Amino acid sequence: MNRMLVSDRPGALALLGLMWFLPVLVASAKDATDAWPGEWTFNGFLSQGYSLSNTNRFNSSNQQGGSFDLREAAVNTRWQVNDRLSMAAQLLYRDVPVADDDGVRLDYGFIDYSQAAVSGNQNYGVTIGRFKNPFGFFNETRDVPFTRPGVLLPQSLYTERGRPFAMASQGVLAHADFFTDTGTLALKASFGEPIPGGASLEYILFGNDLSGQFDPDKAVTAQVRYDGAGNTEGWSAALSYLYYSYDFSRPRSLGRDAFNFSFRVMAASLQYSTPDWRITSEAGYGQAFDNIDRFSAYLQGAYRLSPTLESFLRYDLMIVDVEDRWGHEYERQGRGPAHNRYAKDLTFGINWDLSPDLTVRAEWHHVEGTGWLSPAEANLRETDRRWNLGMLELSFRF
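In this text, all values refer to a predicted model and were calculated from it rather than measured experimentally. (Residues numbered from 1 in each chain as written. Predicted model: local features only at pLDDT ≥ 70, side-chain atom pairs only at ≥ 80, totals over all residues. Heavy atoms only, no water.)

Draft legend 1. Seen up close, the overall build of the protein. Helix and strand content of the protein: four helices and 16 strands. For the protein, buried positions account for 49% of its 398 residues. A separation of at least 24 residues holds for 61% of the contacts in the protein among residues at least 6 apart in sequence. In the structure as shown, the protein presents an accessible area of about 18400 Å², 58% of it carried by carbon and sulfur atoms. (Helix = DSSP H or I, 4+ residues; strand = E, 2+ residues; numbered from the N terminus. Buried < 20%, exposed > 50% of the residue type's maximum accessible area, 1.4 Å probe, protein only. Contact = heavy atoms within 4.5 Å. Areas by Shrake-Rupley, 256 points an atom, 1.4 Å probe, with all protein chains shown as cover.)

In C-alpha coordinates, the structure reads:
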(Lines give C-alpha, C1' and ligand atoms only; values in the text may rest on other atoms or scores of the structure.)
Protein backbone atom coordinates (compact mmCIF):
# COMPACT_ATOMS: atom_id res chain seq x y z
CA MET A 1 0.00 0.00 0.00
CA ASN A 2 1.17 3.54 -0.72
CA ARG A 3 2.82 4.75 2.51
CA MET A 4 1.57 8.26 1.80
CA LEU A 5 -1.99 6.97 2.17
CA VAL A 6 -1.12 5.10 5.37
CA SER A 7 0.54 8.10 7.06
CA ASP A 8 -2.23 10.50 6.00
CA ARG A 9 -5.21 8.35 6.99
CA PRO A 10 -5.64 9.53 10.65
CA GLY A 11 -5.46 13.19 9.65
CA ALA A 12 -7.81 12.66 6.70
CA LEU A 13 -10.37 10.96 8.95
CA ALA A 14 -10.08 13.81 11.43
CA LEU A 15 -10.70 16.37 8.67
CA LEU A 16 -13.73 14.44 7.40
CA GLY A 17 -15.12 14.46 10.93
CA LEU A 18 -14.55 18.19 11.21
CA MET A 19 -16.24 18.79 7.83
CA TRP A 20 -19.44 17.43 9.36
CA PHE A 21 -19.03 18.62 12.95
CA LEU A 22 -17.90 22.25 12.60
CA PRO A 23 -20.78 23.56 10.42
CA VAL A 24 -23.26 21.77 12.71
CA LEU A 25 -21.55 23.29 15.75
CA VAL A 26 -21.69 26.79 14.26
CA ALA A 27 -25.38 26.44 13.36
CA SER A 28 -26.22 25.18 16.86
CA ALA A 29 -24.24 27.99 18.49
CA LYS A 30 -26.09 30.60 16.42
CA ASP A 31 -29.44 29.22 17.59
CA ALA A 32 -28.30 29.06 21.23
CA THR A 33 -27.16 32.70 21.33
CA ASP A 34 -30.15 34.31 19.62
CA ALA A 35 -31.57 35.35 23.01
CA TRP A 36 -28.29 36.82 24.29
CA PRO A 37 -27.77 40.58 24.37
CA GLY A 38 -25.58 42.15 21.70
CA GLU A 39 -24.65 40.55 18.40
CA TRP A 40 -22.99 37.16 17.91
CA THR A 41 -21.21 35.99 14.78
CA PHE A 42 -19.90 32.48 14.12
CA ASN A 43 -17.64 31.45 11.24
CA GLY A 44 -15.13 28.80 10.32
CA PHE A 45 -13.13 27.19 7.55
CA LEU A 46 -11.78 23.83 6.40
CA SER A 47 -8.72 23.33 4.22
CA GLN A 48 -6.96 20.31 2.70
CA GLY A 49 -3.64 20.61 0.91
CA TYR A 50 -1.35 18.42 -1.17
CA SER A 51 2.43 18.69 -1.56
CA LEU A 52 4.88 17.02 -3.94
CA SER A 53 8.62 17.67 -4.24
CA ASN A 54 11.31 16.03 -6.31
CA THR A 55 13.88 15.76 -3.50
CA ASN A 56 13.73 17.71 -0.23
CA ARG A 57 11.04 17.16 2.40
CA PHE A 58 8.49 19.89 3.19
CA ASN A 59 5.29 18.67 4.87
CA SER A 60 6.28 15.12 3.86
CA SER A 61 6.27 16.26 0.22
CA ASN A 62 9.03 13.91 -0.97
CA GLN A 63 7.05 10.74 -0.27
CA GLN A 64 6.18 8.57 -3.23
CA GLY A 65 2.99 10.02 -4.67
CA GLY A 66 3.24 13.20 -2.61
CA SER A 67 1.54 13.97 0.69
CA PHE A 68 -1.79 15.26 2.00
CA ASP A 69 -0.18 16.28 5.31
CA LEU A 70 -1.46 19.86 5.10
CA ARG A 71 -4.77 20.32 6.91
CA GLU A 72 -6.31 23.28 8.67
CA ALA A 73 -9.73 23.81 10.24
CA ALA A 74 -11.10 26.43 12.59
CA VAL A 75 -14.24 27.74 14.19
CA ASN A 76 -14.41 31.26 15.56
CA THR A 77 -16.91 33.51 17.26
CA ARG A 78 -17.24 37.19 18.06
CA TRP A 79 -19.63 38.68 20.59
CA GLN A 80 -20.27 42.39 20.14
CA VAL A 81 -21.64 43.07 23.61
CA ASN A 82 -22.26 46.75 22.87
CA ASP A 83 -20.75 49.48 20.69
CA ARG A 84 -17.58 49.51 22.82
CA LEU A 85 -17.04 46.02 24.25
CA SER A 86 -16.46 42.83 22.27
CA MET A 87 -15.05 39.36 22.81
CA ALA A 88 -13.61 36.95 20.24
CA ALA A 89 -12.02 33.50 20.15
CA GLN A 90 -10.92 30.89 17.63
CA LEU A 91 -10.13 27.20 17.98
CA LEU A 92 -7.70 25.99 15.32
CA TYR A 93 -6.81 22.49 14.17
CA ARG A 94 -3.64 22.02 12.13
CA ASP A 95 -1.80 19.03 10.73
CA VAL A 96 1.33 20.62 9.25
CA PRO A 97 4.49 18.55 9.95
CA VAL A 98 6.96 21.32 9.12
CA ALA A 99 5.53 23.55 11.88
CA ASP A 100 5.51 20.80 14.54
CA ASP A 101 2.35 22.19 16.18
CA ASP A 102 -0.26 19.63 15.17
CA GLY A 103 -3.57 19.30 16.96
CA VAL A 104 -6.19 21.66 18.37
CA ARG A 105 -5.22 24.85 20.14
CA LEU A 106 -6.69 28.19 21.15
CA ASP A 107 -5.55 30.37 18.25
CA TYR A 108 -6.75 33.57 19.86
CA GLY A 109 -9.11 34.62 22.64
CA PHE A 110 -9.47 38.18 23.86
CA ILE A 111 -11.62 40.99 25.20
CA ASP A 112 -11.50 44.31 23.37
CA TYR A 113 -12.69 47.71 24.53
CA SER A 114 -12.81 50.47 21.91
CA GLN A 115 -13.92 54.08 22.15
CA ALA A 116 -14.63 56.35 19.19
CA ALA A 117 -13.69 60.01 19.46
CA VAL A 118 -16.46 62.61 19.47
CA SER A 119 -15.42 63.74 15.99
CA GLY A 120 -15.73 60.20 14.66
CA ASN A 121 -12.34 60.47 12.97
CA GLN A 122 -10.42 58.47 15.57
CA ASN A 123 -10.90 55.22 17.42
CA TYR A 124 -8.91 54.05 20.45
CA GLY A 125 -8.92 50.74 22.24
CA VAL A 126 -7.21 48.07 24.29
CA THR A 127 -7.19 44.29 23.80
CA ILE A 128 -6.49 41.84 26.64
CA GLY A 129 -5.87 38.12 26.18
CA ARG A 130 -4.26 36.07 23.40
CA PHE A 131 -4.03 37.93 20.09
CA LYS A 132 -2.22 37.65 16.76
CA ASN A 133 0.99 39.66 16.53
CA PRO A 134 0.59 42.74 14.29
CA PHE A 135 3.49 42.01 11.94
CA GLY A 136 3.70 42.68 8.22
CA PHE A 137 0.65 42.52 5.98
CA PHE A 138 -0.35 38.91 6.69
CA ASN A 139 0.58 37.65 10.16
CA GLU A 140 -2.70 38.57 11.86
CA THR A 141 -4.74 36.64 9.27
CA ARG A 142 -2.25 34.06 7.99
CA ASP A 143 -4.19 31.07 9.37
CA VAL A 144 -7.23 31.84 7.21
CA PRO A 145 -6.58 30.37 3.72
CA PHE A 146 -8.80 32.94 1.98
CA THR A 147 -6.62 35.84 3.20
CA ARG A 148 -3.31 34.40 1.99
CA PRO A 149 -1.96 35.30 -1.46
CA GLY A 150 -1.21 31.61 -2.10
CA VAL A 151 -0.97 28.22 -0.42
CA LEU A 152 2.23 29.31 1.30
CA LEU A 153 3.12 32.79 2.44
CA PRO A 154 6.66 33.97 1.55
CA GLN A 155 8.76 31.73 3.78
CA SER A 156 11.55 34.24 4.27
CA LEU A 157 9.29 36.40 6.44
CA TYR A 158 6.45 34.05 7.44
CA THR A 159 8.19 30.70 7.93
CA GLU A 160 6.05 27.69 8.74
CA ARG A 161 8.76 26.25 10.98
CA GLY A 162 8.82 29.45 13.06
CA ARG A 163 5.06 29.95 13.12
CA PRO A 164 4.31 28.32 16.51
CA PHE A 165 6.34 30.82 18.53
CA ALA A 166 6.11 33.97 16.38
CA MET A 167 2.40 33.85 15.57
CA ALA A 168 0.73 35.25 18.68
CA SER A 169 1.22 36.82 22.10
CA GLN A 170 -0.80 36.94 25.29
CA GLY A 171 -0.93 40.16 27.23
CA VAL A 172 -2.16 43.68 26.46
CA LEU A 173 -2.40 45.37 23.06
CA ALA A 174 -3.24 49.06 22.61
CA HIS A 175 -4.55 50.25 19.24
CA ALA A 176 -5.63 53.49 17.62
CA ASP A 177 -7.08 54.29 14.20
CA PHE A 178 -7.17 57.68 12.50
CA PHE A 179 -9.56 58.08 9.56
CA THR A 180 -9.12 60.66 6.79
CA ASP A 181 -10.49 61.17 3.30
CA THR A 182 -7.29 59.67 1.84
CA GLY A 183 -7.03 56.59 4.04
CA THR A 184 -6.58 55.10 7.52
CA LEU A 185 -3.55 55.26 9.79
CA ALA A 186 -3.46 52.42 12.33
CA LEU A 187 -1.14 52.20 15.35
CA LYS A 188 -0.68 49.07 17.48
CA ALA A 189 1.63 48.19 20.36
CA SER A 190 1.61 45.22 22.72
CA PHE A 191 3.44 43.81 25.73
CA GLY A 192 3.17 40.35 27.23
CA GLU A 193 4.62 36.93 26.60
CA PRO A 194 4.79 34.65 23.55
CA ILE A 195 2.62 31.56 23.46
CA PRO A 196 4.23 28.16 24.20
CA GLY A 197 5.96 27.09 21.01
CA GLY A 198 6.19 23.35 21.55
CA ALA A 199 9.27 21.55 20.26
CA SER A 200 9.66 23.58 17.06
CA LEU A 201 12.17 25.97 18.61
CA GLU A 202 14.25 23.09 19.97
CA TYR A 203 14.47 21.56 16.50
CA ILE A 204 15.57 24.86 14.97
CA LEU A 205 18.27 25.49 17.61
CA PHE A 206 19.43 21.98 18.47
CA GLY A 207 18.11 19.76 15.68
CA ASN A 208 16.23 17.60 18.18
CA ASP A 209 13.36 17.53 20.68
CA LEU A 210 15.12 17.79 24.06
CA SER A 211 13.80 16.68 27.44
CA GLY A 212 13.28 20.28 28.60
CA GLN A 213 11.04 22.95 27.14
CA PHE A 214 11.12 26.63 26.25
CA ASP A 215 8.97 28.63 28.67
CA PRO A 216 7.55 31.97 27.44
CA ASP A 217 9.43 35.00 28.76
CA LYS A 218 8.62 38.29 26.99
CA ALA A 219 6.94 39.54 23.82
CA VAL A 220 6.80 43.10 22.47
CA THR A 221 5.23 44.24 19.20
CA ALA A 222 4.62 47.57 17.49
CA GLN A 223 3.21 48.51 14.11
CA VAL A 224 2.36 51.61 12.11
CA ARG A 225 0.18 50.91 9.09
CA TYR A 226 -1.46 53.04 6.40
CA ASP A 227 -4.19 51.85 4.02
CA GLY A 228 -5.56 54.02 1.23
CA ALA A 229 -9.23 54.91 1.08
CA GLY A 230 -9.98 52.65 -1.91
CA ASN A 231 -10.98 49.05 -1.19
CA THR A 232 -9.43 47.63 -4.38
CA GLU A 233 -6.84 50.22 -5.37
CA GLY A 234 -4.24 52.52 -3.89
CA TRP A 235 -1.29 52.27 -1.53
CA SER A 236 -0.76 50.33 1.68
CA ALA A 237 2.36 50.55 3.82
CA ALA A 238 3.49 49.29 7.21
CA LEU A 239 6.46 49.31 9.54
CA SER A 240 6.49 46.48 12.09
CA TYR A 241 8.62 45.45 15.07
CA LEU A 242 8.53 42.08 16.84
CA TYR A 243 10.52 40.83 19.83
CA TYR A 244 10.05 37.58 21.72
CA SER A 245 12.12 35.52 24.16
CA TYR A 246 11.96 32.14 25.90
CA ASP A 247 13.80 30.55 28.85
CA PHE A 248 14.87 26.91 28.52
CA SER A 249 13.64 24.88 31.51
CA ARG A 250 16.66 22.53 31.71
CA PRO A 251 19.73 24.60 30.82
CA ARG A 252 22.13 22.22 32.61
CA SER A 253 21.43 19.61 29.93
CA LEU A 254 23.13 22.13 27.61
CA GLY A 255 26.04 22.66 30.00
CA ARG A 256 24.78 26.08 31.11
CA ASP A 257 23.27 27.61 34.23
CA ALA A 258 20.68 29.45 32.12
CA PHE A 259 19.69 29.62 28.47
CA ASN A 260 17.50 32.37 27.02
CA PHE A 261 16.48 32.53 23.38
CA SER A 262 15.44 35.88 21.96
CA PHE A 263 14.72 37.22 18.50
CA ARG A 264 13.92 40.71 17.23
CA VAL A 265 12.98 41.77 13.73
CA MET A 266 11.95 44.94 11.91
CA ALA A 267 9.90 44.69 8.72
CA ALA A 268 8.86 47.22 6.09
CA SER A 269 5.84 46.49 3.87
CA LEU A 270 4.57 48.20 0.73
CA GLN A 271 1.72 47.39 -1.64
CA TYR A 272 0.04 49.06 -4.61
CA SER A 273 -3.25 47.74 -5.94
CA THR A 274 -5.58 48.34 -8.85
CA PRO A 275 -8.78 46.40 -9.62
CA ASP A 276 -6.80 44.05 -11.92
CA TRP A 277 -3.27 43.81 -10.49
CA ARG A 278 -1.36 44.14 -7.23
CA ILE A 279 2.34 44.58 -6.42
CA THR A 280 3.50 43.62 -2.92
CA SER A 281 6.93 43.71 -1.31
CA GLU A 282 8.15 43.23 2.24
CA ALA A 283 11.64 43.14 3.76
CA GLY A 284 12.79 42.20 7.24
CA TYR A 285 16.04 42.52 9.18
CA GLY A 286 16.39 40.51 12.37
CA GLN A 287 18.84 39.38 15.03
CA ALA A 288 18.68 36.45 17.45
CA PHE A 289 20.49 35.78 20.74
CA ASP A 290 23.57 34.69 18.78
CA ASN A 291 24.00 38.24 17.36
CA ILE A 292 23.73 36.91 13.80
CA ASP A 293 21.96 39.33 11.47
CA ARG A 294 19.27 37.82 9.24
CA PHE A 295 17.69 39.29 6.11
CA SER A 296 14.39 38.45 4.40
CA ALA A 297 12.67 40.02 1.40
CA TYR A 298 10.20 39.20 -1.35
CA LEU A 299 8.55 40.85 -4.35
CA GLN A 300 5.23 39.57 -5.66
CA GLY A 301 3.03 40.59 -8.56
CA ALA A 302 -0.57 39.37 -8.90
CA TYR A 303 -2.86 39.78 -11.91
CA ARG A 304 -6.60 39.09 -12.00
CA LEU A 305 -7.34 37.14 -15.19
CA SER A 306 -11.08 37.14 -14.52
CA PRO A 307 -13.41 37.95 -11.60
CA THR A 308 -12.74 34.48 -10.16
CA LEU A 309 -9.20 33.69 -11.37
CA GLU A 310 -5.93 35.29 -10.24
CA SER A 311 -2.31 34.47 -11.05
CA PHE A 312 0.82 35.55 -9.21
CA LEU A 313 4.60 35.47 -9.57
CA ARG A 314 6.92 35.86 -6.57
CA TYR A 315 10.64 35.95 -5.84
CA ASP A 316 11.51 35.31 -2.19
CA LEU A 317 14.98 35.59 -0.59
CA MET A 318 16.02 34.38 2.87
CA ILE A 319 19.55 34.86 4.27
CA VAL A 320 20.25 33.33 7.69
CA ASP A 321 23.58 35.12 8.24
CA VAL A 322 24.29 38.41 6.47
CA GLU A 323 28.04 38.09 7.19
CA ASP A 324 28.12 34.61 5.61
CA ARG A 325 25.49 35.19 2.95
CA TRP A 326 25.82 31.98 0.98
CA GLY A 327 27.00 29.75 3.86
CA HIS A 328 30.56 29.07 2.69
CA GLU A 329 32.10 29.67 6.13
CA TYR A 330 29.34 27.62 7.73
CA GLU A 331 30.21 24.66 5.50
CA ARG A 332 33.97 25.16 5.98
CA GLN A 333 33.47 24.77 9.74
CA GLY A 334 31.79 21.42 9.16
CA ARG A 335 28.40 22.56 10.49
CA GLY A 336 26.43 21.52 7.42
CA PRO A 337 25.90 22.27 3.72
CA ALA A 338 26.27 25.90 2.68
CA HIS A 339 22.78 25.90 1.15
CA ASN A 340 21.22 25.45 4.62
CA ARG A 341 21.94 29.13 5.27
CA TYR A 342 19.83 30.68 2.52
CA ALA A 343 16.86 30.12 0.23
CA LYS A 344 15.94 31.66 -3.12
CA ASP A 345 12.38 30.78 -4.07
CA LEU A 346 10.73 31.55 -7.42
CA THR A 347 6.99 30.83 -7.21
CA PHE A 348 4.18 30.85 -9.77
CA GLY A 349 0.61 30.33 -8.60
CA ILE A 350 -3.06 30.34 -9.56
CA ASN A 351 -5.99 31.13 -7.23
CA TRP A 352 -9.44 30.08 -8.45
CA ASP A 353 -12.59 31.07 -6.54
CA LEU A 354 -15.15 28.40 -7.41
CA SER A 355 -17.70 30.29 -5.29
CA PRO A 356 -17.52 33.01 -2.62
CA ASP A 357 -16.96 30.24 -0.02
CA LEU A 358 -14.91 27.69 -1.97
CA THR A 359 -11.48 28.24 -3.48
CA VAL A 360 -8.72 26.18 -5.10
CA ARG A 361 -5.08 27.25 -5.09
CA ALA A 362 -2.12 25.79 -6.94
CA GLU A 363 1.51 26.87 -6.98
CA TRP A 364 4.93 25.70 -8.09
CA HIS A 365 8.18 26.61 -6.32
CA HIS A 366 11.67 26.40 -7.80
CA VAL A 367 14.02 26.74 -4.84
CA GLU A 368 17.75 27.08 -4.38
CA GLY A 369 18.75 26.54 -0.76
CA THR A 370 17.05 24.99 2.27
CA GLY A 371 17.01 27.90 4.72
CA TRP A 372 13.31 27.46 5.56
CA LEU A 373 13.18 23.68 5.82
CA SER A 374 12.67 22.25 9.32
CA PRO A 375 14.93 19.74 11.11
CA ALA A 376 11.72 18.49 12.75
CA GLU A 377 10.98 16.45 9.61
CA ALA A 378 14.26 16.30 7.65
CA ASN A 379 17.99 15.73 8.15
CA LEU A 380 19.30 19.04 6.82
CA ARG A 381 22.75 17.54 6.21
CA GLU A 382 21.21 15.32 3.56
CA THR A 383 19.39 17.87 1.41
CA ASP A 384 19.79 18.98 -2.19
CA ARG A 385 20.69 22.57 -3.05
CA ARG A 386 18.16 22.87 -5.89
CA TRP A 387 14.66 21.43 -5.63
CA ASN A 388 11.08 21.87 -6.81
CA LEU A 389 7.87 21.89 -4.80
CA GLY A 390 4.29 21.74 -6.09
CA MET A 391 1.30 22.49 -3.85
CA LEU A 392 -2.49 22.36 -4.12
CA GLU A 393 -5.10 23.47 -1.60
CA LEU A 394 -8.89 23.31 -1.44
CA SER A 395 -10.53 25.61 1.13
CA PHE A 396 -14.11 26.07 2.28
CA ARG A 397 -15.50 28.67 4.67
CA PHE A 398 -18.84 28.80 6.45
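Draft legend 2. Here's a closer look at a nonpolar patch on the surface. A cluster of nonpolar side chains, contributed by Leu185, Leu187, Val224, Tyr226, Trp235, Leu239, Met266 and Leu270, occupies part of the molecular surface with about 670 Å² of accessible area. Among the elements of the structure, strand 7 (183–194), strand 8 (214–228), strand 9 (234–248) and strand 10 (260–273) are those that each provide at least two residues to the nonpolar patch. Structurally, Leu187 can be placed in strand 7. With relative accessibility at 32%, the residue Leu187 sits in the partly exposed group. (Patch = residues over 30% accessible without salt bridge, like charges linked within 9 Å, V, L, I, M, F, W, Y side chains within 5 Å. Salt bridge = Lys/Arg side-chain N within 4 Å of Asp/Glu carboxyl O.)

Draft legend 3. Examining empty space enclosed by the protein more closely. Within the structure shown, the criterion is met by two cavities of 30 Å³ or more. Computed from the structure, the largest cavity encloses a volume of approximately 130 Å³. Taken together, 16 residues make up the lining of the largest cavity; nearest its centre are Arg94, Arg148, Val151, Leu152 and Glu160. When its residues are assigned to classes, the lining of the largest cavity shows six nonpolar, two polar and eight charged. Its boundaries defined by the atoms lining it, the second largest cavity holds a volume of some 40 Å³. If you go around the second largest cavity, the residues you meet are Arg105, Leu106, Asp107, Arg130, Arg163, Pro164, Met167 and Ile195. Only strand 4 (103–116) and helix 2 (163–166) provide two or more residues apiece to the lining of the second largest cavity. Of the residues assigned to the lining of the second largest cavity, the class counts are four nonpolar, no polar and four charged. (1 Å grid on protein atoms, 1.4 Å probe; cavity = no way out; pocket = protein on both sides within 12 Å on 5 of 7 lines; lining within 4 Å. Points joined across faces, edges and corners; volume = space filled by probe spheres on them. Nonpolar A, V, L, I, M, F, W, Y, C, P; charged D, E, K, R; others polar.)

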